[in-house]
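A closer look at the structure
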Amino acid sequence: MGYRDVYKAWQEDPEGFWMDAAAAIDWSKPPSAALDDSRAPLYGWYADGVCNICHNALDRHVEAGHGERVAIIHDSPVTGNKTKITYAELLDQVSRLAGALAARGVERGDRVIIYMPMVPEALVAMLACARIGAVHSVVFGGFAAPELAVRIDDCTPKAILAASCGIEPGRVVAYKPMVDEAIGIARHTPEFTVVLQRPQAAAVMTEGRDIDWNAFLDGAEPVGCAEMGGMDPLYILYTSGTTGQPKGVVRTHGGYAVALSWTMGNIYDIHAGDVFWSASDVGWVVGHSYIVYGPLIVGATTVVFEGKPVGTPDAGTFWRVIGEYGVKALFTAPTAFRAIKRDDPEGRMVGDYDTSSLKHLFLAGERADPDTIEWARARLQVPVIDHWWQTETGWAIAANPAGLGLLPVKPGSPTVAMPGYDVRILSEAGEDMKPGELGAVAIRLPLPPGTLSTLWNAGDRFVSSYLSTFPGYYETGDAGMIDEDGYLYIMARTDDVINVAGHRLSTGSMEEVLASHPDVAECAVIGASDPLKGQLPVGFICLNRGCTRDHAEIIDECVRLVRRKIGPVAAFKAAVVVERLPKTRSGKILRGIMARIADGAEYRLPATIDDPAILDEITDGLSSIGYPTR
Ligand code: COA
Ligand code: AMP
């Protein structure tokens, strides 16, 4: 069946569609129904099914005689290590770590924070938690201690599993001091931490609290999989919202396993024994779904790459990895290809390697510009598939499903809605827009299996953030349109979330940090277009009356403050001091207009603007730091 038939089959019988899909995973008690709408508009999936995602990712493959198949290829150009781990070996490591955690009192429902770089142990940690029914929450290494502390306080973990360091090109990032600092800041104190000591930076251990990873595993008894209800939480993944308080997206065992299993074959055309490479990080949703759970659920080999597309050591790294391991599909963010294109504009290095195993390139995480898509297609000679999704959904809302037979590509469009998603373009009043008209992108409820079930500790915020603006719909926070052929186009965010190098960041949280500087009276942060990273944050700072300090010095302090409080991943490096911020008469800061000025785009002055002359100062300030860039 091709895409149109499959989508129609889902539309006509969603319950039957998702019950059929559920048959692809192992249940110790199969569900009697797919959708649970007893608490609408909150929905659940496979409520009375019993399963464990770790069993589906590991045990069942080993039990079926595939223990010798490679589960993980760890390729780390930053350390020079290359390791292969079979399914049997991975199962052994996971079940022993699970046993060690259980022996220390970690139980079903307890939270465990994982703060680790791209090492196999990060996957082992996630799967071990899943195995015993503990809820993992992975925090990306590019976040600083205060961000880690916010997450510690929100999910109150019993334990933290960390590595002593991560390795960025040119520098070793010591993680353990950040864990110590975060525990110092947080109100909640985890009972213990387990630290993977890496040779690049030895962590100083706190007696009585910190346990060495190897010592922890020493003599640990392996344990089996806990029986998890289909709707029991598997993980919490924090993502940026409009404020400094991140949103803890909750994902459950059953629906996630079913959805990922469906996507691996139908979207990515990846099956048992294939090599799949998602060049992202375990700290992001792409890493959760497509470095860890998705590929392992279908018995594929997942590449865990600890490096960058450029500089580790050069722009040929991606092609080397594809050639060396026979990668069938690569998934990354467009920014990675823009970085490669910048270093090797002609793509000459592709010719140095055999990339013939590659069948598809998948891009997501940010808008894929047609130039990048065409550059990649021409160099790699494979279809380049843009697909659109969010941390909240866990898998693609719109894609060109390679496993169902590709539809014609329209550059600039992530193609069509996947089964499970009834995507609509709505006016502010919540009415359907006509084809080609721009509006808010919304999804008719219920969302399919695998999507968020709620926000951790914030059920009300889940409803107010996503379900309230358009009753009966999930609000994606993106604006876009659908054309006559049903192709979707994602144009921009409707909120203050920006996308920097495929990383989702909150300008609101940066504003909170800037506002904490003693000389700052008022501030605004916008996302300005950037040819490499898609967007970069730019700050506007109004100083306290009477402040006579050097502006450059204050800006420098602000830049360092954001790095220290949010982390290097914020990539906050540019700010200007201005007298006033442009506002409406009711006091709303006109961030959208400032962003358009930064991009050199046309804008319409709102009738409600307080004082249009302020925009000249904004334009001058931006031009002093090189905006617009083109
Ligand atoms: N731990 C600690 N620091 C980290 C980090 C981590 N895991 N990841 C990134 N950082 C740091 C970087 O070193 C950089 O620090 P700097 O300001 O001292 O240079 C900063 O955070 C910003 O990182 P990034 O925005 O990634 O910029 P970069 O210049 O290091 O790399 C790209 C740019 C395009 C090569 C890189 O972003 C990339 O490969 N992106 C595409 C793939 C991807 O990860 N997508 C995400 C989701 S699909
Ligand atoms: P994240 O939750 O980090 O995955 O970020 C999700 C957001 O990134 C979406 O809401 C979009 O704004 C943006 N995004 C992700 N994929 C795409 C895409 N293919 N095209 C356009 N924007 C995208």
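See the structure printed just above.
Please read these numbers as outputs of a predicted model, since none were measured by experiment.

Analysis parameters
Residues numbered from 1 in each chain as written. Chains lettered and ligands numbered in written order. Predicted model: local features only at pLDDT ≥ 70, side-chain atom pairs only at ≥ 80, totals over all residues. Heavy atoms only, no water. Helix = DSSP H or I, 4+ residues; strand = E, 2+ residues; numbered from the N terminus. Expected span 1.5 Å × (residues − 1). Buried < 20%, exposed > 50% of the residue type's maximum accessible area, 1.4 Å probe, protein only. Salt bridge = Lys/Arg side-chain N within 4 Å of Asp/Glu carboxyl O. Near = heavy atom within 4 Å. Polar contact = N/O pair within 3.5 Å; in protein donor to acceptor, adjacent residues only side chain to side chain. Nonpolar A, V, L, I, M, F, W, Y, C, P; charged D, E, K, R; others polar. Contact = heavy atoms within 4.5 Å. Pairing = 2+ DSSP bridges. Axes fitted to C-alpha atoms, helices over the stretch in contact; angles between N-to-C directions. Phe/Tyr/Trp six-rings, centres within 6.5 Å; stacked < 30°, edge-to-face > 60°. Lys NZ or Arg CZ within 6 Å of the ring centre and 35° of its normal. Patch = residues over 30% accessible without salt bridge, like charges linked within 9 Å, V, L, I, M, F, W, Y side chains within 5 Å. Areas by Shrake-Rupley, 256 points an atom, 1.4 Å probe, with all protein chains shown as cover. Lys, Arg positive; Asp, Glu negative; His and termini not counted. Charge placed at Lys NZ, Arg CZ, Asp CG, Glu CD. Parallel < 35°, antiparallel > 145°, perpendicular 65-115°, else oblique. Left-handed = near helix turned anticlockwise from the far one by under 90°. Disulfide = S-S within 2.5 Å.

**What to know about helix α9 (residues 253-266)**
Across its 14 residues, α9 extends 20 Å between first and last C-alpha, which sits within 8% of the 20 Å expected from 1.5 Å per residue. Within α9, 14 of the 14 residues are buried, which leaves it mostly tucked inside the rest of the structure.

**Describing the pattern of salt bridges**
Pairs can form between side chains of opposite charge once their charged atoms are near each other. Evaluated as defined, the whole model comprises 36 salt bridges. Across the pair arginine 108 and aspartate 232 runs a salt bridge, and its minimum N-O distance is 3.5 Å. Of this pair, arginine 108 sits in the loop between α4 (87-103) and β6 (111-115) while aspartate 232 sits in the loop between β13 (228-229) and β14 (233-239); the two residues are 124 residues apart in sequence, bridging distant segments of the chain. For arginine 108, a relative accessible area of 46% gives the class partly exposed. Since its relative accessible area comes to 25%, aspartate 232 is described here as partly exposed.

**Quick notes on the site of ligand 2**
By nearness alone, 14 residues border ligand 2, and His387, Thr391, Asp478, Arg493 and Arg504 come closest of all. Contact distances for ligand 2 include 2.8 Å between a nitrogen atom and a side-chain N or O atom of aspartate 386. Partitioning the shell around ligand 2 into residue classes produces 3 nonpolar, 5 polar and 6 charged.

**Considering the site of ligand 1**
Glu168, Arg171, Lys533, Arg563 and Lys573 are the nearest of the 24 residues found near ligand 1. Measuring from an oxygen atom of ligand 1, one finds a side-chain N or O atom of glutamate 168 at 2.5 Å. Here an oxygen atom of ligand 1 sits 2.7 Å away from a polar atom, N or O, in the side chain of lysine 573. Along the lines of polarity and charge, the residues of the shell around ligand 1 split into 11 nonpolar, 7 polar and 6 charged.

**Quick notes on the side chain of histidine 253**
Among the secondary structure elements, histidine 253 is positioned in helix α9. Excluding residues that lie within four positions of it along the chain, histidine 253 makes contacts with Cys51, Asn52, Ile53, Ala130, Met228, Gly229, Gly230, Asp232, Pro233 and Leu234.

**A word on the sheet that holds strand β24 (residues 439-444)**
Spatially, β23-β24-β26-β27 is the arrangement adopted by the 4 strands of the open sheet, whose pairing is antiparallel. Each end of this open sheet is capped by a strand with a single partner; those strands are β23 (423-426) and β27 (488-493). Ignoring which end each strand starts from, the neighbouring axes of this sheet average 50 degrees apart. Of the strand pairs in this sheet, strand β26 (residues 473-482) and β27 are connected by 5 bridges, and their pairing is antiparallel. The residue of β27 that forms the bridge with methionine 481 is tyrosine 489.

**Brief notes about the packing of aromatic side chains**
Given two aromatic rings, one states the distance between the centres and the angle between the planes to describe the pair. Overall, the coordinates contain 33 aromatic pairs when judged by the stated rule. When the ring of phenylalanine 17 is compared with that of tryptophan 18, the centres are 4.9 Å apart and the planes differ by 85 degrees; the resulting orientation is edge-to-face. The residues phenylalanine 17 and tryptophan 18 share a single accessibility class, namely buried. Centroid distance tyrosine 290 to tryptophan 389: 5.6 Å. Interplanar angle 85 degrees. Geometry classified as edge-to-face. Residue tyrosine 290 is located in helix α10 (residues 285-297), and its partner tryptophan 389 is located in the loop between β20 (384-386) and β21 (398-399); the two are separated by 99 residues in the primary sequence. A residue is classified by how much of its surface remains accessible, and tyrosine 290, at 0% relative accessible area, is buried. Assessed through its relative accessible area of 10%, tryptophan 389 is described here as buried. Within the aromatic cluster, the residues linked to one another by ring pairs are Phe17, Trp18, Trp27, Trp45, Tyr46, Trp262, Trp395 and Tyr421. The ring of phenylalanine 143 has arginine 151 sitting right over it, with the charged end atom 4.7 Å from the ring centre. One cation-aromatic arrangement involves arginine 444 over tyrosine 473; the distance from NZ or CZ to the ring centre is 5.7 Å.

**Topic: the environment of leucine 406**
Turning to its location among the elements, leucine 406 is positioned in the loop between β21 and β22 (416-417). Accessibility expressed as a relative area gives 34% for leucine 406, which makes it partly exposed. Sequence-wise, leucine 406 and tyrosine 3 are 403 residues apart; in three dimensions their C-alpha atoms are separated by 8.2 Å.

**As for a negative patch on the surface**
Residues Asp13, Glu15, Asp20 and Asp37 make up a contiguous surface patch of negative charge. Following the sequence through the fold, glutamate 15 ends up in helix α2 (residues 14-22).

**Notes on the environment of isoleucine 554**
Relative to the helices and strands, isoleucine 554 is located in helix α16 (residues 551-565). Here the alpha-carbon distance between isoleucine 554 and glutamate 484, two residues 70 residues apart in the chain, equals 52 Å. Residues in contact with isoleucine 554, not counting those within four places in the same chain, are His517, Asp519, Leu543, Cys547 and Arg549.

**A look at the packing of helix α5 (residues 120-132) against α10**
α10 packs onto α5 with a crossing angle of 60 degrees between their chain directions and a minimal axis gap of 11 Å. In this view, α5 runs oblique relative to α10, as classed from their interaxial angle. The way α5 lies across α10 gives a crossing that is right-handed. Here Leu123, Met126, Leu127 and Ala130 of α5 come into contact with α10, specifically with His288, Ile291, Val292, Tyr293 and Leu296. Looking at the contact of α5 with α10, its residues break down into 8 nonpolar, 1 polar and no charged.

**Things to note about the state of the cysteines**
Across all of its chains, the model carries 0 disulfides by this definition. Just so you know, cysteine 51 is unpaired, no disulfide at all, and the nearest cysteine sulfur is the one on cysteine 225, 9.9 Å from it. Take cysteine 51: its relative accessible area is 2%, and that puts it in the buried class. Left without a disulfide partner, cysteine 155 is nearest to the cysteine sulfur of cysteine 129, which lies 11 Å away. According to the relative accessible area criterion, cysteine 155 is buried, its value standing at 0%.

**Let's talk about the packing of helix α1 (residues 3-12) against α2**
Taken N-terminus to C-terminus, the directions of α1 and α2 make an angle of 115 degrees; their axes are 5 Å apart at the nearest point. Every residue of α2 that contacts α1 at Val6, Trp10, Gln11 and Glu12 is listed here: Pro14, Phe17 and Trp18. The class makeup of the residues in the contact of α1 with α2 is 5 nonpolar, 1 polar and 1 charged.

**A short note on the sheet that holds strand β30 (residues 520-530)**
Ordered in space as β30-β31-β32, the 3 strands form an open sheet in which the pairing is mixed. Each of the sheet's edge strands pairs with one partner strand only, and the pair in question is β30 and β32 (574-577). The sheet shows a mean angle of 25 degrees between the axes of neighbouring strands, taken without regard to direction. In terms of strand pairing, strand β31 (residues 534-543) meets β32 through 4 bridges, oriented parallel. Across the sheet, phenylalanine 540 pairs through a bridge with valine 576, a residue of β32. Most of the contacts of α16 go to β32, to which it runs at about 140 degrees, and overall it touches β30, β31 and β32.

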